[in-house]
There are 2 protein chains.
Amino acid sequence: MSNILTPILLTKEKFEPFGQVIELDQHNETKKINYGQTDRFHDLATLDLNQNNGRPIFNIFRSKPINLPFKVKVVERHPLSSQLFYPLTGSPFLVLVAPNVDKPNANDLQLFISNGRQGVNYAANTWHHYLLALNAVSDFVVIDRSGPEKNCQEHFFEQEIVIESI
Amino acid sequence: MSNILTPILLTKEKFEPFGQVIELDQHNETKKINYGQTDRFHDLATLDLNQNNGRPIFNIFRSKPINLPFKVKVVERHPLSSQLFYPLTGSPFLVLVAPNVDKPNANDLQLFISNGRQGVNYAANTWHHYLLALNAVSDFVVIDRSGPEKNCQEHFFEQEIVIESI
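Now for a description of the structure that goes with this document. Here the structure is a predicted model, which means the values were calculated and not measured.

A few words now on the relation of the copies chain B and chain A. Superposition record for chain B on chain A: RMSD 0.0 Å, screw rotation 180°, translation along axis 0.0 Å. Here the symmetry operator amounts to a two-fold rotation axis. Every residue of chain B has its C-alpha some distance from the rotation axis, and the shortest such distance is that of Leu88 of chain B, at 3.1 Å. When the interface residues of chain B are mapped onto chain A, 100% of them again fall at the interface, so both copies present the same face.

Now for the environment of Ser114 of chain A. All names here are of chain A. You can see Ser114 is positioned in strand E11 (residues 110-114). Assessed through its relative accessible area of 1%, Ser114 is described here as buried. A sequence separation of 30 residues divides Ser114 from Leu84, and the C-alpha atoms of the two residues are 14 Å apart. With residues up to four places along the chain from it excluded, the contact list for Ser114 reads Leu10, Pro92 and Phe93. Here Gly116 takes part through its backbone nitrogen, which lies 3.0 Å from a polar atom of the side chain of Ser114.

Next up on the list: the packing of aromatic side chains. All names here are of chain A. Per the stated rule, a full pass over the model turns up 18 aromatic pairs over all chains. With a centroid separation of 6.2 Å and an interplanar angle of 50°, the aromatic rings of Phe15 and Tyr122 are classed as tilted. Here Phe15 is found in helix H1 (residues 12-15), whereas its partner Tyr122 is found in strand E12 (residues 119-122), with 107 residues between them in sequence. For the residue pair Phe15 and Tyr122, the accessibility class agrees, reading buried in each case.

Take the environment of Lys31 of chain B next. Residues and elements named next belong to chain B. Mapped onto the fold, Lys31 is located in strand E4 (residues 30-33). For Lys31, a relative accessible area of 34% puts it in the partly exposed group. Along the chain, Lys31 and His42 lie 11 residues apart, while their C-alpha atoms are 7.4 Å from each other.

Residue and element names in this part refer to chain B. Tracing the chain through its elements places His78 in the loop between strand E8 (74-77) and strand E9 (83-87). Engagement of the side chain of His78 in a polar contact is seen with the side chain of Glu76, the distance being 3.4 Å. When neighbours within four sequence positions are excluded, His78 is seen to be in contact with Gln83, Ala124, Asn125, His128, Asn151 and Cys152.

Let us now look at the nonpolar core. Most often, soluble globular proteins keep nonpolar side chains buried together rather than apart. One finds Phe58 and Ile143 of chain A together with Phe58 and Ile143 of chain B to be the most contacted residues of the largest nonpolar core, which totals 24 residues. Elements represented by at least two residues in this core include exactly strand E6 (55-63), strand E9 (83-87) and strand E15 (138-146) of chain A together with strand E6 (55-63), E9 and strand E15 (138-146) of chain B. For Phe58 of chain A, the contacting residues outside a window of four places in its chain are Val141, Val142 and Ile143 of chain A together with Ile22, His42, Asp43, Leu44, Ala45, Leu47, Leu84, Tyr86 and Ile143 of chain B.

As a further point, take the pairing of E15 of chain A. All names here are of chain A. Within E15, eight of the nine residues are buried, leaving the element largely enclosed by the surrounding structure. For E6 and E15, the ladder comprises nine bridges, and the chain directions are antiparallel. Looking at the pairing, Ile60 lines up with Val141 of E15. By the bridge criterion, four bridges tie E9 to E15 in an arrangement that is antiparallel.

What follows concerns the interface of chain B and chain A. Residue-level contacts link 44 residues of chain B with 44 residues of chain A. Taking both partners together, chain B and chain A bury about 3800 Å²; carbon and sulfur atoms supply 57% of that area. If you look at where chain B meets chain A, you find four salt bridges. Put simply, Asp43 of chain B and Arg55 of chain A hold a salt bridge, and the shortest N to O gap is 3.0 Å. In this structure, the connection of chain B to chain A is made through 27 residue pairs in polar contact (both at pLDDT 80 or more). Broken down by element, the residue count for the side of chain B that touches chain A peaks at nine residues, all from E6 of chain B. Among the residues forming the side of chain B that touches chain A, the class breakdown is 26 nonpolar, nine polar and nine charged. By the bridge criterion, four bridges tie strand E5 (residues 38-41) of chain A to E6 of chain B in an arrangement that is antiparallel. Across the sheet, the residue bridging to Phe41 of chain A is Ile60 of chain B, located in E6 of chain B.

Conventions adopted
Each chain carries its own residue numbering, running from 1 in the written order of its sequence. Each chain gets a letter, beginning with A, and each ligand a number, beginning with 1, in the order they are written. Where local features are concerned, this predicted model is filtered to residues with pLDDT of at least 70; where side-chain atom pairs are given and counted, the filter is 80 or more; whole-chain, interface and lining totals use all residues. Note that water and hydrogens are dropped before the side-chain values are worked out from all heavy atoms of the structure. Copy-to-copy alignment: least squares on C-alpha atoms, limited to residues at pLDDT 70 or above in both. Only heavy atoms matter for contacts: two residues are in contact if any of them lie within 4.5 Å across the pair. Numbering of helices and strands runs from the N terminus, with a helix taken as a DSSP run of H or I at least four residues long and a strand as a DSSP run of E at least two residues long. Note on exposure labels: buried denotes an accessible area under 20% of the residue type's maximum, exposed denotes more than 50%, and partly exposed covers the range between, all computed with a 1.4 Å probe on protein chains only. We call two N or O atoms a polar contact when they sit within 3.5 Å, provided that within protein one can donate a hydrogen and the other can accept it, with sequence-adjacent residues counted only if both atoms are side-chain atoms. Each Phe, Tyr or Trp ring, with Trp reduced to its six-membered ring, pairs with another whose centre is within 6.5 Å; inter-plane angles below 30 degrees give stacked pairs, above 60 give edge-to-face pairs, and intermediate values give tilted ones. Among the buried residues, those of types Ala, Val, Leu, Ile, Met, Phe, Trp, Tyr and Cys that are joined through side-chain atoms within 4.5 Å form a nonpolar core. By the convention used here, strands pair only if DSSP detects at least 2 bridges between them. What counts as buried area is the accessible surface, traced by a 1.4 Å probe, that two parts surrender upon association, with contributions from both included. We define a salt bridge as a contact between a side-chain nitrogen of Lys or Arg and a carboxyl oxygen of Asp or Glu at a distance within 4 Å. Three classes are used, and their members are as follows: Ala, Val, Leu, Ile, Met, Phe, Trp, Tyr, Cys and Pro are nonpolar, Asp, Glu, Lys and Arg are charged, and the others, Gly among them, are polar.

Here it is, written out as C-alpha cells:
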C-alpha cells in the first residue's frame, strides 16, 4: 500500500520544528537605512555554518521541475550545518521534511508548499528532500557550509511513498 | 565644477579589484546533484564573515529607486567583512565603488551598471555607495556579518559628484 503525501501551506509556525521560513511580512523586524532609501529586513534565518572549521558559501541551484505523481525515495540531512534556500524564480515548490530521528519513516514526513516567495532554512539534522521545483525550471539562492568533513547523510525509504497531486 | 560619473557595464574582470560579480554564465563551475535534477553553481563569492567572532547573516534589502541626476555624497566600507548583494527583482542597478585608500576622492570612484541578474560581493574595505536601485523598488538578498564590533566607516566627499544619466 502506498503512503500518499498531500502538501499544506508553508507557514512560519508549522515549519518551526524544522528551521525557519523566510518571507517578508508584517512580522519582520525592519530598519530604515541608507538615509531612508532602504528597508533592511534583518537577520531572517538562523545560519549555523561555522561548526568544525566550516565556512559559509553562496551558491545558486537550478532545478528542473518534478513530474507528478512523484515517488519519494530518499531524504538527506546535514549534521554540522543549516542549509538555506531562497527562490529566485517565483514558482511554487514543495518542501518535504522529517524531524531529527535516526530512521524516519513515512509517518514522520511533513509536506509543505511554498508560494514561490517563501524560502526555507533547514536546521542542522532536519531530514529534507532535495529541491522539488514545480511548473518551471527554478533558481534558488543556497547558503550552506563548506568544510573538511563529510556533512551529508541519506536515508532511503523501504515503504512506497508518493506525492500524487498538489 | 562637478565631477560627472557615467556607468560602464559590470563585468567580472573589471570588478575584480573590488570583490566578485555573481552571475550565471558558461564560466561557472557547476555540479549535477540531486540525482540529476539540479545544477549547483558552487561557491560563487568569497565570503569573509567570520573575523573577530563575526557570524554570517541573511537579510533582504528593499530599496527605492534613485532619481537622476543623483548627487553622490557619501561612501561606506566594512573593515571586518565582505558584503554581498544579489538582486531579486531583475531591475538594473548601479554599483559605485572605490579601492581601499584612506580618503577616496572623485578620481578614485568607478561606476558600474548591473543588468539586474548580476550580483556583487564587496571585499572587506572596498568603499561602496549604498544601494542605487533604478526604475523600480528593488529587493536584494544581502549576506553580511553580525558581530560585536563597529564595522562601518563612512567617507563624505567635499567635491561635487553627480550621476547625471545612465
